[in-house]
Amino acid sequence: MKSGPLGIFDSGVGGLTVVRAVQDLLPAEDILYLGDTARMPYGSKSPETIRQFADEDARFLLAHGVKGIVVACNTATAHALPSLREKFQLPILGVIEAGVDAALANPQAQRIGIIATRGTIRSHAYQHALALRRTGLLIHAQAAPLLAPLVEEDWIDHPATELILKAYLDPLIEKGIDTLMLACTHYPLLISVLRKLLPEDVFLVDSATTCAEHLQRELTRLDLLAPDSHEGKLEVHLTDLSEEFEVLARRFLRKAPGRIQRAVLGGA
Ligand code: DGL
């Protein structure tokens, strides 16, 4: 089991931010990545649809013999993690628990801002997880549906992105947030702009890094870490292939993703 690949899925290529963080921390792990590019975005879809898509994504990875699954997509974690854990008998991690742990590792954290897709915000998954862990928190959740497309357009340093970010962030800054949770696969790419726009002392929690750290703890606890001597490989499967996804994948991963294969779901 230890030598099996780790399955990571997302609605598209944004989840490669999680892959990158996992590769940095756990270079011995083989990773099988599935991006459901044919059906993204998940962030604007209904909870039932997201649960169905997540079920099919997980089955694809299971059919490829993964030893555990990481749901890199915040929207899929928010809506589908409990149902996936009920259905499938292998370790399944999402991005929310780890992010919440990281935010609350600071005992002073009191006013927490969350930015995410509309689906993630509407699920209240982050809000509930935070409130369960610490009473008296002031939680301010802001749907930011325009951000993922801007990142995909590579408009990171574009004035329009700064303007839109300000519109999303100003209400949170007015509330005096001390922590901002970047609850979407795409947002780690915006960190430099966010730092410019936010007061210096706001603590940023990015779900990719925190998820990789959580995964390391879980694989250690379950004795499922790949042997150190192994050199981890990455296999990327996408449900829709286009040249554009190759370019995007390279940007999210910060290196060439290798040969990308077309995934057909539903057959497993
Ligand atoms: N991967 C999604 C998330 O983290 C963002 C893109 C989408 O809406 O599909 O919520």
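First, a word on what this report is: a plain description of the structure on this page.

Parameters and conventions
- Residues numbered from 1 in each chain as written.
- Predicted model: local features only at pLDDT ≥ 70, side-chain atom pairs only at ≥ 80, totals over all residues.
- Heavy atoms only, no water.
- Helix = DSSP H or I, 4+ residues; strand = E, 2+ residues; numbered from the N terminus.
- 1 Å grid on protein atoms, 1.4 Å probe; cavity = no way out; pocket = protein on both sides within 12 Å on 5 of 7 lines; lining within 4 Å.
- Points joined across faces, edges and corners; volume = space filled by probe spheres on them.
- Nonpolar A, V, L, I, M, F, W, Y, C, P; charged D, E, K, R; others polar.
- Core = buried A, V, L, I, M, F, W, Y, C linked by side-chain atoms within 4.5 Å.
- Buried < 20%, exposed > 50% of the residue type's maximum accessible area, 1.4 Å probe, protein only.
- Contact = heavy atoms within 4.5 Å.
- Near = heavy atom within 4 Å.
- Polar contact = N/O pair within 3.5 Å; in protein donor to acceptor, adjacent residues only side chain to side chain.
- Areas by Shrake-Rupley, 256 points an atom, 1.4 Å probe, with all protein chains shown as cover.
- Sits in = over half its atoms within 2 Å of the grid points.
- Disulfide = S-S within 2.5 Å.
- Pairing = 2+ DSSP bridges.
- Axes fitted to C-alpha atoms, helices over the stretch in contact; angles between N-to-C directions.

### Observations concerning unusual backbone geometry
Cis peptide bonds are those with omega within 30 degrees of zero, and the linkage from Met40 to Pro41 qualifies with 5°. If you trace the backbone, Pro41 turns up in the loop between strand E2 (31-35) and helix H2 (47-63). The phi angle at His124 is positive, at roughly 60°, despite the residue not being glycine. Structurally, His124 can be placed in the loop between helix H5 (118-123) and helix H6 (125-133). Phi is positive for Arg254, which is not a glycine, with a value near 60°.

### A word on the layout of surface pockets
The gaps of empty space that remain are located by a probe, the size of a water molecule, rolled over the atoms. Considering only enclosed or pocket space, the largest pocket measures out at about 370 Å³ in volume. Around the largest pocket, the lining comprises 26 residues; the ones closest to its centre are Pro41, Gly43, Thr117, Ala148 and Pro149. Every element with two or more residues in the lining of the largest pocket is listed here: helix H3 (74-87), H5 and helix H7 (147-152). Broken down by element, the residue count for the lining of the largest pocket peaks at 3 residues, all from H7. Among the residues forming the lining of the largest pocket, the class breakdown is 12 nonpolar, 11 polar and 3 charged.

### Topic: the nonpolar core
If you look at the biggest cluster of nonpolar residues, it comprises 72 residues, and the most contacted ones within it are Leu16, Val22, Leu147, Leu180, Met181 and Leu194. Met181 has contacts with Gly99, Val100, Ala103, Ile112, Gly113, Ile114, Ile115, Tyr126, Leu130 and Val205, leaving out every residue within four places of it along the chain. Residues Leu32, Ala54, Ile69 and Leu90 belong to the second largest nonpolar core, which totals 23 residues.

### Observations regarding empty space enclosed by the protein
In this structure the tally under the stated criterion is 1 cavity of 30 Å³ or more. By volume, the largest cavity amounts to about 50 Å³. The wall of the largest cavity is formed by Leu6, Gly68, Ile69, Val70, Pro91, Leu93, Leu215, Glu218, Leu219 and Leu222. Class assignment for the residues of the lining of the largest cavity results in 8 nonpolar, 1 polar and 1 charged.

### Observations regarding the site of the ligand
Around the ligand, the neighbouring residues are Asp10, Ser11, Pro41, Tyr42, Gly43, Cys73, Asn74, Thr75, Thr117, Cys184, Thr185 and His186. Here Asp10 contributes a side-chain N or O atom positioned 2.8 Å from a nitrogen atom of the ligand. Side-chain polar atom of Thr75 to an oxygen atom of the ligand: 2.6 Å apart, as the coordinates give it. Look at the ligand: alone it shows 290 Å² of surface, and the protein chains cover 96% of it. In this structure the site holding the ligand corresponds to the largest pocket. When its residues are assigned to classes, the shell around the ligand shows 4 nonpolar, 7 polar and 1 charged.

### Looking at the state of the cysteines
The final tally for this structure, using the stated rule, is 0 disulfides. In this structure Cys73 is a free cysteine whose sulfur lies 7.5 Å from that of Cys184, the closest cysteine sulfur available. We classify Cys73 as buried; its relative accessible area is 4%. Free of any disulfide, Cys211 has its nearest neighbouring cysteine sulfur in Cys73, separated by 12 Å.

### Quick notes on the sheet that holds strand E8 (residues 203-206)
Taken together, 4 strands build an open sheet; the order of strands is E6-E5-E7-E8 and the sheet is parallel. In this open sheet, the two edge strands, each paired with only one partner strand, are strand E6 (138-143) and E8. Direction aside, the axes of adjacent strands within the sheet are offset by 20° on average. Sheet analysis places strand E5 (residues 111-116) next to strand E7 (residues 179-182), joined by 4 bridges and oriented parallel.

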